[in-house]
Amino acid sequence: YWLQQDRQAKPARWTRHAIDTSWSQAHALVAADLDGDGRPEIVAGKRYLGHEGRDPGELDPLGIYAYRYQPASRTFCRDTISSGGRAGWGLDPKAADLDGDGDVDLVAADRSGLYWFENLRLGAGTKEAAGTGAEASALPAGTAGGAPTDTAGGAPAAAPAEDHRNPLQIRNPEGRLREAATPAEWAWRRARILENVQAVMGPLPGPERRVPLDVRIEKEEATPRYRRIKLSFAAEPGDRVPAYLLMPQGTEGKRPAALCLHQTIAIGKGEPAGLGGRPSLHYAHELANRGYVCIVPDYPSFGEYPYDFRKHPEYASGSMKAIWNNHRAVDLLQTLPEVDTRRIVAIGHSLGGHNAIFTAVFDQRIRAVISSCGFTGFHDYYGGKLAGWTSDRYMPRIREVYGNDPDRVPFDFHELLAALAPRPVFVNAPLGDDNFDCAGVKRVMAAASRVYRLWNAEGRLHAEYPDAAHDFPDAVRQAAYDWLDRCWKASGN
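Because the structure is predicted, anything quoted here is derived from the model rather than measured.

A. Quick peek at the overall build of the chain. Of the regular secondary structure elements, the chain holds 8 helices and 21 strands. Over its C-alpha atoms the chain spans a radius of gyration of 22 Å, differing by no more than 12% from the 23 Å that the globule rule assigns to 493 residues. Seen through its C-alpha atoms, the chain measures out along the principal axes to roughly 70 × 65 × 45 Å. The buried share among the 493 residues of the chain stands at 57%. Surface exposure of the chain reaches about 19,900 Å², of which carbon and sulfur atoms provide 50%.

Written as structure tokens, this is what we have:
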């Protein structure tokens, strides 16, 4: 992130802006003019096992990136220096002309070795660097640190052979399939899962879309325990997201926060905020009453957010657009001094239930997930008939590229739940849900639990199977809130 100074304020005020949250374990920065244009780039990279595997994403593949500031949009463009190899960025990297050829090279020492990144001055107007000491990437560029290149609406060139219903399965260097024996081994499968999800949803946007949030408050109302603030924020150039922010009254110290995502309903954000719809789905209102800072955005095309998906070819799916908007909502939460950024949960029902999972898979700032009636395995969704997933609001490539065939779709919910490990996940899957088959949910949970067991975190994956229809019963919501309180205490937060 970067801090923008407002020198008109007395004393000076600083506004936080996220730059890139698609990878973790950034430990050191270098400012250097890599492309010789007279302006410095910011170079950052992932440290190898910085905290002995205790941080979210610490075992993900390594990456090193250069960021160029774009004054017109106040965003950054990302160039990949190294991705997926053995080179870590360490704590004290240096920029210097090591080979005396008149440009700036980089050198980094980490637990994974000492590496020189020779500046080859490739490309027109940008710097592409090659690490002469780093191994070649074991994955396509971008997999370990952000968005891979889009596959032009098609499946990956080499279709993955792993069983999507066995997320523990990995491919060894000889090409044979086996099961991961350690979390470090499984991290490579997780990277493949993210790559395959983006083959269906389209690539996760990069930092060039991360404009300043420019929060605009429209209305404030007081309730007995919290303030309800109606606002909008900039998600990317030319697009603003309507949302409610629920701020507990008398906030002292840091509070947990919740990204609250609504179901398929015309009023959108109004239902979780307690302004209509079913009382059993007023979870933002209930969490705010429990002291949570809650952000409740509209999904594109719902509530007060008109959105024509076909006018936005930059997104291959409504699902990825929603993921990006939700990332920006988390950015907003992180700017608030009242929020404990180590205690952010995503919660949702139905559309919001799978939206919470999708968002958390790509955003490890979300430390826990509560998903109600949000998924079942693709083969168990109406007997494998996937048309319901294929509208512009969701993932049209399931129809256009994969023929609505669950055997061809390159990911499944077994993998998505596993990709959240070892973060806590609570699932509400009613026995009478006529949308998301409960027996299929149980199969997903059983498959994902094997990955949680690999992390020694099987107790963090929990499901309730109430005798109910497609709803979030009172007793189950209370159980979810109590479970969440225990999770925060167990994590030391």
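Past the structure itself, the notes keep going.
B. Structural detail: helix H4 (residues 351-362). Compared with the 16 Å implied by 1.5 Å per residue over 12 residues, the 17 Å span of H4 between its first and last C-alpha is a close match. Counting buried positions along H4 yields 12 of 12 residues, so the element is predominantly enclosed. Taken as a whole, H4 has its buried residues at Leu351, Gly352, Gly353, His354, Asn355, Ala356, Ile357, Phe358, Thr359, Ala360, Val361 and Phe362. Along its buried surface, H4 packs onto helix H1 (183-201), strand S16 (255-261), helix H3 (318-335), strand S18 (339-349), strand S19 (368-372) and helix H6 (413-419).

C. Layout of the sheet that holds strand S3 (residues 26-32). The antiparallel open sheet is built from 4 strands, whose spatial order is S3-S4-S5-S6. Since the sheet does not close on itself, it has two edges, and those belong to S3 and strand S6 (75-83), each with one partner. Across the sheet, the mean angle separating the axes of adjacent strands is 25° when strand polarity is ignored.

D. Quick peek at the packing of H1 against H4. Where H1 contacts H4, the two axes come as close as 11 Å, and the packing angle between them is 125°. As summarised for this structure, H1 and H4 are arranged oblique, according to the angle between their axes. The interaxial crossing formed by H1 with H4 has left-handed handedness. Along the contact surface, H1 presents Arg190, Leu194, Val197, Gln198 and Met201, while H4 presents Phe358, Val361 and Phe362. Each residue belonging to the contact of H1 with H4 can be placed in one class, and the counts come to 6 nonpolar, 1 polar and 1 charged.

E. A look at the packing of aromatic side chains. The tally for this structure, following the rule as stated, stands at 19 aromatic pairs. Aromatic side chains tryptophan 389 and phenylalanine 436 sit 6.1 Å apart centroid to centroid with 50° between the ring planes, which places their arrangement in the tilted category. Separated by 47 residues along the polypeptide, tryptophan 389 in the loop between S19 and helix H5 (397-400) and phenylalanine 436 in the loop between strand S20 (425-428) and helix H7 (438-454) bring together distant segments of the chain. Here tryptophan 389 and phenylalanine 436 have matching classes, each one buried. Note on phenylalanine 426 and tryptophan 483: the rings are 5.5 Å apart at their centroids and 55° apart in plane angle, and the pair reads as tilted. Of the two residues, phenylalanine 426 sits in strand S20 while tryptophan 483 sits in helix H8 (residues 474-490), which places them 57 residues apart along the sequence. Each member of the pair phenylalanine 426 and tryptophan 483 is classed as buried. Cluster of aromatic residues (ring-pair linked, three or more members): Phe358, Phe375, Phe378, Tyr381, Tyr382, Trp389, Phe411, Phe413 and Phe436.

F. Seen up close, the side chain of threonine 359. Relative to the elements of secondary structure, threonine 359 occurs in helix H4. By relative accessible area, threonine 359 is classed as buried at 0%. Beyond its immediate stretch of four places on either side in the chain, threonine 359 contacts Leu259, Ile323, Asn326, His327 and Ile366.

G. Just the state of the cysteines, in detail. One pass over the structure, following the stated rule, counts 0 disulfides. Not engaged in a disulfide, the cysteine cysteine 260 finds its nearest cysteine sulfur in cysteine 294; these two sulfurs lie 4.1 Å apart. By relative accessible area, cysteine 260 is classed as buried at 0%. Cysteine 438 provides the cysteine sulfur closest to cysteine 373, a residue in no disulfide bond, and the two sulfurs are 9.4 Å apart. Among the residues examined, cysteine 373 registers a relative accessible area of 2% and is labelled buried.

H. Representation of the packing of H3 against H4 within the structure. The geometry of H3 relative to H4 is characterised by a closest axis approach of 9 Å and an angle of 65° between their N-to-C directions. Of the possible angle classes, the one that applies to H3 and H4 is roughly perpendicular. In this structure, the crossing between H3 and H4 has a hand that is right-handed. The segment H3 lies against H4, with Ser319, Met320, Ala322, Ile323, Asn326 and His327 engaging Asn355, Phe358, Thr359 and Phe362. Residue classes in the contact of H3 with H4 are distributed as 5 nonpolar, 5 polar and no charged.

I. Quick peek at a nonpolar patch on the surface. Among the surface-exposed residues, Tyr1, Leu3 and Trp14 lie close enough to one another that they form a single nonpolar patch of about 380 Å² accessible area. Along the polypeptide, tryptophan 14 turns up in strand S2 (residues 13-17).

J. Region of interest: the sheet that holds strand S17 (residues 293-297). Taken together, 9 strands build an open sheet; the order of strands is S13-S14-S15-S17-S16-S18-S19-S20-S21 and the sheet is mixed. The strands lining the two open edges of the sheet, one partner per strand, are strand S13 (216-222) and strand S21 (461-464). Mean inter-strand twist for the sheet, computed between neighbouring axes without regard to direction, equals 20°. Docked against the sheet, H7 engages S20 and S21, running at close to 160° with respect to S21.

K. Looking closely at the confidence of the model for the chain. Scored by pLDDT, the chain has a mean of 90; 91% of the residues are at 70 or more. Within the model, pLDDT remains below 50 along residues 123-157, and this stretch shows 85 contacts once partners closer than five positions in the same chain are excluded.

L. Spatial organisation of the pairing of strand S5 (residues 63-70). With 6 of 8 residues buried, S5 is to be regarded as a mostly interior element. Pairing of strand S4 (residues 41-46) with S5, which is carried by 4 bridges, proceeds in the antiparallel orientation. By the bridge assignment for S5, isoleucine 42 is matched with tyrosine 67. In terms of strand pairing, S5 meets S6 through 8 bridges, oriented antiparallel. Following the sheet pairing, glycine 63 is matched in S6 by serine 83.

M. Fine view of unusual backbone geometry. Residue alanine 421 is joined to proline 422 through a cis peptide bond whose omega torsion reads 5°. Here proline 422 shows up in the loop between H6 and S20. Positive phi values are uncommon outside glycine, yet asparagine 456 reaches one of about 60°. Mapped onto the elements, asparagine 456 comes out in the loop between H7 and S21.

About the thresholds
Numbering of residues starts from 1 in every chain and runs along the sequence as written. Since the coordinates come from a predicted model, pLDDT governs what is reported: local features require at least 70, and pairs of side-chain atoms require 80 or more to be given and counted, while whole-chain, interface and lining totals use all residues. Based on all heavy atoms of the structure, the side-chain values leave hydrogens and waters out of the count. The numbering of helices and of strands both runs from the N terminus, where a helix is a DSSP run of H or I of at least 4 residues and a strand a run of E of at least 2. The globule rule used here is 2.2 Å times the number of residues to the 0.38 power, and the radius of gyration it is set against is calculated over C-alpha atoms. Under the scheme applied here, a residue whose accessible area is under 20% of the maximum for its type counts as buried, over 50% as exposed, and between as partly exposed, the area being computed with a 1.4 Å probe on protein chains only. In this description, accessible areas are obtained by the Shrake-Rupley approach with a 1.4 Å probe, and a residue is regarded as covered only by the protein chains that are shown. Here, expected helix span is obtained from the residue count minus one, scaled by 1.5 Å. Between two residues, a contact is recorded if the distance between any of their heavy atoms is within 4.5 Å. For two strands to be treated as a pair, DSSP must find no fewer than two bridges joining them. Angular values range over 0 to 180 degrees, each being the angle between N-to-C directions of two axes fitted as lines to C-alpha atoms, with helices fitted over their stretch in contact. Angles below 35 degrees are treated as roughly parallel, those above 145 as roughly antiparallel, those between 65 and 115 as roughly perpendicular, and all remaining angles as oblique. Handedness of each helix crossing follows the sense of rotation of the near helix against the far helix: counterclockwise by less than a right angle gives left-handed, clockwise gives right-handed. Amino acids are sorted into nonpolar (Ala, Val, Leu, Ile, Met, Phe, Trp, Tyr, Cys and Pro), charged (Asp, Glu, Lys and Arg) and polar (every other residue, Gly among them). Pairing of aromatic rings covers Phe, Tyr and Trp, the last through its six-membered ring, and needs centres within 6.5 Å; plane angles under 30 degrees mean stacked, over 60 mean edge-to-face, and all others mean tilted. When two cysteine sulfur atoms are found within 2.5 Å, that pair is recorded as a disulfide. For patches, a residue must show more than 30% relative accessible area and have no salt bridge; joins then use 9 Å for like charges and 5 Å for nonpolar side chains, namely Val, Leu, Ile, Met, Phe, Trp and Tyr. Whenever Lys or Arg places a side-chain nitrogen within 4 Å of a carboxyl oxygen from Asp or Glu, that contact is recorded as a salt bridge. Per-residue confidence from the predictor is reported as pLDDT, a score between 0 and 100.

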